[in-house]
Amino acid sequence: MQPFSIPVQITLQGGRRRQGRTAFSASGRNRNIDHDDGDLPDVHKKLPSSAGEDRALLLGFAMMGFSVLMFFLLGITILKPFMLSIQREESNCTTIHTHITDDWMDCAFPCGVGCRGRGEYPCLQVFVNVTHSGQKALLHYNEEAVQINSKCFYTPKCHRDRNDLLNSVLDIKEFFDHKNGTAFSCFYSPDSQSEDVILIKKYDQMVIFHCLFWPSLTLLGGALIVGMVRLTQYLSLLCEKYSAALRDEVGGKVPYMEQHRFKLWSVGRDKERAERSE
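Named according to an unreviewed UniProt entry, the chain is Calcium-activated potassium channel subunit beta originating from Panthera leo. Of the comments in the UniProt record for the chain, the one headed Subunit (unreviewed entry) reads "Interacts with KCNMA1 tetramer. There are probably 4 molecules of KCMNB per KCNMA1 tetramer." We quote the UniProt Subcellular location (unreviewed entry) comment for the chain here in full: "Membrane".

What follows is the structure, encoded as structure tokens:
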């Protein structure tokens, strides 16, 4: 009886098998470690952004802030006086007569730092006939002229040169004298009992429309820019998450396929050697 002995070649092959399994398992672990140490956790921390997206966000927020400032300024200077002013309707007026009062009106003008000079200006009165009501009324330049001085057509800019003020008032008086009997557009208040009409409306519907339209358009544009940038960043984040999950799935399948292929090769090799030994 021959002593039982293990072929050295089989022992070496078994060592190779163990080394191969160890190598494959180590490679699988390395792949998993590589995925764990990658950039995937950074994806969950913040949205990806670029320099162009940062500039677009800055532009969008600047547009929204500027629109809010426009609303504030226009609301104080135009919208509020319009809401407080008397609503007037358009009609036709014809000049009856014009004259300059004997008593000049007092006014003040700046003459330096902390200095206020005193002056006077002539008061021009223009009386017209309102076609809508057939009443005699005192004509004013606009709503502000009624609020500043309801006795005069308008209030000129106050300064010391009395002759210059008088000449400007005479030019306006001559203009209305030439229009005597000629109808022109004016605005009256149907709900008010006052006999004041104005020549032009400082705050009409078109001015209010522009005061509301352009700030609203700027605000909408800024919000749209910010929303589009945020949407782009969110879609980029979803794409990065999907790519990372796909890499993890592929990385987990590769070591398993290599191990299965190695097992098939080992079984075939053992069968071949068993047949040879027989």
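### Re the overall build of the chain
Scanning the chain from terminus to terminus reveals six helices and seven strands. In the chain, the succession of α and β elements from N to C terminus is α-α-α-β-β-β-β-β-α-α-β-β-α. Expressed as a percentage of its 278 residues, the buried residues of the chain come to 28%. Within the chain, counting contacts between residues at least 6 apart in sequence, those at least 24 apart form 74% of the total. Total accessible area on the chain is roughly 19200 Å²; 60% of this is exposed by carbon and sulfur atoms.

### Some details on the state of the cysteines
By the definition in use, this model includes three disulfides. Note on cysteine connectivity: Cys 93 is disulfide-linked to Cys 186, with sulfurs 1.8 Å apart. Residues Cys 93 and Cys 186 are joined by a disulfide whose S-S torsion is about 70°; by sign, that bridge is right-handed. Linking Cys 93 in strand E1 (residues 89–100) with Cys 186 in strand E6 (residues 183–188), this pair joins segments that are 93 residues apart in sequence. Take Cys 93 and Cys 186: they sit in the same class, and that class is buried. At a sulfur-sulfur separation of 1.9 Å, the disulfide partner of Cys 107 is Cys 158. The sign of the 60° torsion about the S-S bond sets the Cys 107-Cys 158 disulfide as right-handed. Of the two residues, Cys 107 sits in strand E2 (residues 105–112) while Cys 158 sits in the loop between helix H4 (143–148) and helix H5 (162–178), which places them 51 residues apart along the sequence. In this pair, the class of Cys 107 matches that of Cys 158, namely buried.

### Regarding the pattern of salt bridges
According to the stated counting rule, one finds two salt bridges in the structure shown. Residue Lys 173 pairs with Asp 177 through a salt bridge whose shortest N-O separation is 3.2 Å. In this pair, Lys 173 and Asp 177 are both assigned in helix H5, four residues apart and thus about one turn of the helix distant. Exposure remark for Asp 177: the relative accessible area of 37% places this residue in the partly exposed category.

### Observations concerning the nonpolar core
Ranked by size, the top nonpolar core spans 15 residues in total, and within it Cys 93, Val 126, Val 128, Leu 139, Phe 153 and Val 197 carry the most contacts. Those elements that place two or more of their residues in this core are strand E4 (124–130), strand E5 (136–140), H5 and E6. It is E4 that contributes the most residues to this core, four residues altogether. Residues Ile 78, Leu 79, Tyr 203 and Cys 211 belong to the second largest nonpolar core, which totals six residues.

### As for a nonpolar patch on the surface
A cluster of nonpolar side chains, contributed by Leu 224, Met 228, Leu 231, Tyr 234, Leu 235 and Leu 238, occupies part of the molecular surface with about 590 Å² of accessible area. Tracing the backbone shows Leu 235 in helix H6 (residues 205–277).

### Quick notes on the side chain of Ser 67
Note on placement: Ser 67 falls in helix H3 (residues 51–84). In this structure Ser 67 touches Pro 215, Thr 218 and Leu 219, once residues within four positions along its chain are discounted.

### Some thoughts on the packing of aromatic side chains
Under the defined criterion, the tally for this structure stands at seven aromatic pairs. Summarising the aromatic geometry, the rings of Tyr 141 and Phe 153 are spaced 6.2 Å apart at their centres and angled 70° between planes, so their arrangement reads as edge-to-face. With Tyr 141 in the loop between E5 and H4 and Phe 153 in the loop between H4 and H5, this pair connects stretches of sequence that are 12 residues apart. Of the residues examined, Tyr 141 reaches a relative accessible area of 36% and is grouped as partly exposed.

### Here we look at the side chain of Asn 149
Within the secondary structure, Asn 149 is located in the loop between H4 and H5. The exposure class of Asn 149 is buried, given its relative accessible area of 12%. A distance of 3.1 Å separates the side chain of Asn 149 from the backbone nitrogen of Lys 151, its partner in a polar contact. Among residues more than four places away in sequence, those in contact with Asn 149 are Met 105, Tyr 121, His 140 and Thr 155.

### Thoughts on the UniProt feature "transmembrane region" (unreviewed entry) in the chain
UniProt tags residues 56–79 and 207–229 as "transmembrane region" (unreviewed entry). Helix makes up 100% of residues 207–229 and strand 0%, and the two end C-alpha atoms of the span are 34 Å apart.

Calculation rules
- Every residue gets a number counted from 1 within its own chain, in the order that chain's sequence is written.
- Two thresholds apply to this predicted model, a pLDDT of at least 70 for residue-level local features and 80 or more for giving and counting side-chain atom pairs, whereas whole-chain, interface and lining totals are computed over all residues.
- Each side-chain value is derived from all of the structure's non-hydrogen atoms; neither hydrogens nor water enter the calculation.
- UniProt positions are given in the numbering used here, feature names are shortened, and annotations may be inferred rather than shown by experiment.
- The helix count covers DSSP runs of H or I at least four residues long, the strand count covers runs of E at least two residues long, and both are numbered beginning at the N terminus.
- Exposure categories follow from relative accessible area, calculated using a 1.4 Å probe and restricted to protein chains: below 20% of the type maximum is buried, above 50% is exposed, and the middle band is partly exposed.
- In this description, contact between two residues means that some pair of their heavy atoms is separated by no more than 4.5 Å.
- Accessible areas in this description were obtained via Shrake-Rupley with a 1.4 Å probe; residue shielding takes into account the shown protein chains only.
- Here, two cysteine sulfur atoms that lie within 2.5 Å of each other are counted as a disulfide.
- A pair is scored as a salt bridge if a Lys or Arg side-chain nitrogen falls within 4 Å of a carboxyl oxygen belonging to Asp or Glu.
- By convention a nonpolar core is built from buried Ala, Val, Leu, Ile, Met, Phe, Trp, Tyr and Cys residues, the set being connected through side-chain atoms within 4.5 Å.
- By definition, no residue in a patch forms a salt bridge, and every one has over 30% relative accessible area; like charges are joined within 9 Å, nonpolar side chains (Val, Leu, Ile, Met, Phe, Trp, Tyr) within 5 Å.
- Ring pairs are drawn from Phe, Tyr and Trp, using the six-membered ring of Trp, whenever the two centres fall within 6.5 Å, and their geometry is named by plane angle: stacked under 30 degrees, edge-to-face over 60, tilted for the rest.
- Think of a polar contact as two N or O atoms within 3.5 Å of one another; within protein, one of them needs to be a possible hydrogen donor and the other a possible acceptor, and neighboring residues in sequence only count if both atoms come from side chains.

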